Amino acid sequence: MTNVLRSAARIPPAYIVFVILLATLWLTKPQLMNANVMGIFVRQVAPLGILVLGQLLVMRVRSIDLSGAGVLLLVNYMIASGLLGDLPLPLILLVSLGIGCLVGLFNGYLVAKRRVSAVIATLAVTVIIGGFVQFVASGKPPGNMPELMNDIYKMKWGPVPLPVVLWVALTAVMAVFLSRFVYGQFVMAVGENPTASHFSGVPVERTVLMAHVIAGLFAGIAAIVQSAAVAVGSLRLGLEMPIDAVAATILGGVIFGRGDGGVWGPFFGVMCFALLFVSMTSFGVPEPGKQIARGLIILLAAIFYGLNTRKT
Amino acid sequence: MHRRKINRFFGKNSRQGNWWAALLIIIATILLLLVKSDDFATPQNASNLLAQAMPLIIVAIGQMIVIILAGMDLSVGSVMSLTTAILALDGSPYALIPLVFLAAICVGLVNGVAIVKLNVHPIIATLSTQFIVLGIAQLLRPVAGGSVPDFVVTIVTGSVLGVPAPVFWGIVIVGLGWKIVHGSRFGLHLFAIGGGNASGQLDTAHNFGLKDERNIVLAYVISAGFAALAGLFIAGRIASGDPSVGSQFALDSITAVAIGGTQLSGGVGGLHGTIIGAILMSLLANGMNLANLSAFLQGAIKGVILLLVVGLQSRKKMGL
């Protein structure tokens, strides 16, 4: 009996919350339950889902990355303002990914080599990038995105929107990467016990640095998808996204150093967000209510894991 | 003996941390501003500077108390916003002001209990309450507006015998902070708990019989209380409620505390360093304003300062 309870407590809250939300929506708003509408809901959170892939990696090595908002602003501004002139689109996208990686490398240097608190470092990076972009743009939103990006964003593969396909594919790649490569073992070891890993010959600093670079890369991809979705340049894009990413990751059973939820737990954490925001909007909950929900999700999920750790 | 005194003054092995560097930068900044700007040495600017610095000094003192415990309070900015939102409600100031502090105590209790009893990391606990409290503030007052009771405006912007009210605020706040951090048993326990934490032995203080859990909860309550006090001050200045007024203060207060020599890993810090740090940050903001620097660029520069200060502190632990 205690075994059953114990294994029940190891199920990431995301799965349970997802089922509850789905059932609530099914009962109260059955008209929303068709492939087209659901596809649009899920498409909306695809950028968040991609950002979460990086977040779960850094959180498994006991770090955190709140600089996604900065990468988003920078990439969005760069593409929308035509800063790069007449470069072909693939090259522009490549530069965007490069920006993500560079920001990640800087975060990783600060966190792994300089031992700066990850929250402070990545928040400061966001503040710096945000201030810089707004200064360059002098507070005015830049022009539009290339139309081709929005067209690709709206395409479908069968009934499934293309961004969702990309999200699922990247999640699968991440799952294989973490389970089949040595790096995945390093990540697990550093998360369990950094000191023991260091003395067992695991390159702790390099593992954490690498995690931040990969998180930066995913932030770059998320920025491209999100920019394609809004189709215009904006200076207030995705300011809440890193926080939502943290909430979805914790909800999905990955919390500092512990990776119970794997890669698919956080995936369903993001799906919860898709349903949650839809149901909150359809029940007429105002924007501040969403702020409170964000905070409560992080707090309750963290308490759930805090109590679990204390018992063992 | 002599060498030890010098070492202690310059922050080596000192419990107060390295605060003299910030003091030197303050002196340099004042000299620079005196030479470069004609508007700096005016009575108008001096009283502006004092009124601008006061909220940051108040929040930073509370922030320092939790940082000495190797914690961090990211919810202070939201508590300030909530305070202005509550004060802008209809009602008697004698009901609203106690309500403000009651709300702050609740936030502090939630933070503290989540950290010590429910085993949540301080940064995660205060990050989540930051959003919850901000949401409540936005529910009470979706956009800036409303009006604050005259009583609050008077105690912040008034003057007694020609001396502006912020001066009295400063004396009371610094006295209160000194009593808490350097003049009480609680203050002594702060350094003991934080120092044990910094050396990697979480239970050192506990093993010596200190009530560490109770002290940690109390520290978060005090931090929220100071944030409410700062919110009260700002509400008096702007005479209305504003749910976004505190958004900068979480990072700004951490910068001020860190620049004043308090170590984010805990156990090392002091009140004078924090006050020097908060004054330095306000002076820099004032100087950048006088130089007509874009507000966006000012934000970016503050971020760079935070990274520099925190990047230069040494820490054993990696990650959060």
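Residues numbered from 1 in each chain as written. Chains lettered and ligands numbered in written order. Predicted model: local features only at pLDDT ≥ 70, side-chain atom pairs only at ≥ 80, totals over all residues. Heavy atoms only, no water.

### What about helix H13 (residues 271-290) of chain B?
Residue and element names in this part refer to chain B.
- Relative to the 28 Å expected for 20 residues at 1.5 Å per residue, H13 spans 28 Å between its end C-alpha atoms, a close match to the ideal helical length.
- Counting buried positions along H13 gives 14 out of 20 residues, so the element sits mostly inside the fold.
- Where H13 ends, the next residue or the one after it, Asn-292, has phi of about 60 degrees, a positive value. (Helix = DSSP H or I, 4+ residues; strand = E, 2+ residues; numbered from the N terminus. Expected span 1.5 Å × (residues − 1). Buried < 20%, exposed > 50% of the residue type's maximum accessible area, 1.4 Å probe, protein only.)

### Section: unusual backbone geometry
Residues and elements named next belong to chain B.
- One non-glycine residue, Asn-119, lies in the positive phi region at around 65 degrees.
- Note that Asn-119 resides in the loop between helix H5 (93-116) and helix H6 (122-140).
- Positive phi outside glycine occurs at Ala-239, with the angle close to 60 degrees.
- Tracing the sequence through the fold places Ala-239 in the loop between helix H11 (212-238) and helix H12 (249-259).

### With respect to the interface of chain A and chain B
- Contacts between the two partners involve 48 residues from chain A and, on the opposite side, 42 residues from chain B.
- Summing both partners gives a buried area of about 3700 Å² for chain A against chain B, and 78% of it is carried by carbon and sulfur.
- Linking chain A with chain B are 0 salt bridges, by the criterion used here.
- Viewed at the interface, chain B and chain A are joined by 2 residue pairs in polar contact (both at pLDDT 80 or more).
- Breaking the side of chain A that touches chain B down by element, the ones donating at least two residues are helix H6 (89-113), helix H7 (118-136), helix H12 (204-230), helix H13 (241-251) and helix H15 (287-311) of chain A.
- The leading source of residues in the side of chain A that touches chain B is H15(A), at 14 residues.
- Partitioning the side of chain A that touches chain B into residue classes produces 31 nonpolar, 10 polar and 7 charged. (Contact = heavy atoms within 4.5 Å. Buried area = accessible area lost by both parts, 1.4 Å probe. Salt bridge = Lys/Arg side-chain N within 4 Å of Asp/Glu carboxyl O. Polar contact = N/O pair within 3.5 Å; in protein donor to acceptor, adjacent residues only side chain to side chain. Nonpolar A, V, L, I, M, F, W, Y, C, P; charged D, E, K, R; others polar.)

### Concerning the nonpolar core
- The biggest cluster of nonpolar side chains holds 206 residues, and the ones touching the most others in it are Ile64(A), Trp167(A), Ile65(B), Leu87(B) and Trp169(B).
- Ranked by residues supplied to this core, first place goes to H11(B) with 16 residues.
- Not counting residues within four places of it along the chain, the set of residues in contact with Trp167(A) comprises Val42(A), Val45(A), Ala46(A), Gly49(A), Ile50(A), Phe267(A), Val270(A) and Met271(A). (Core = buried A, V, L, I, M, F, W, Y, C linked by side-chain atoms within 4.5 Å.)

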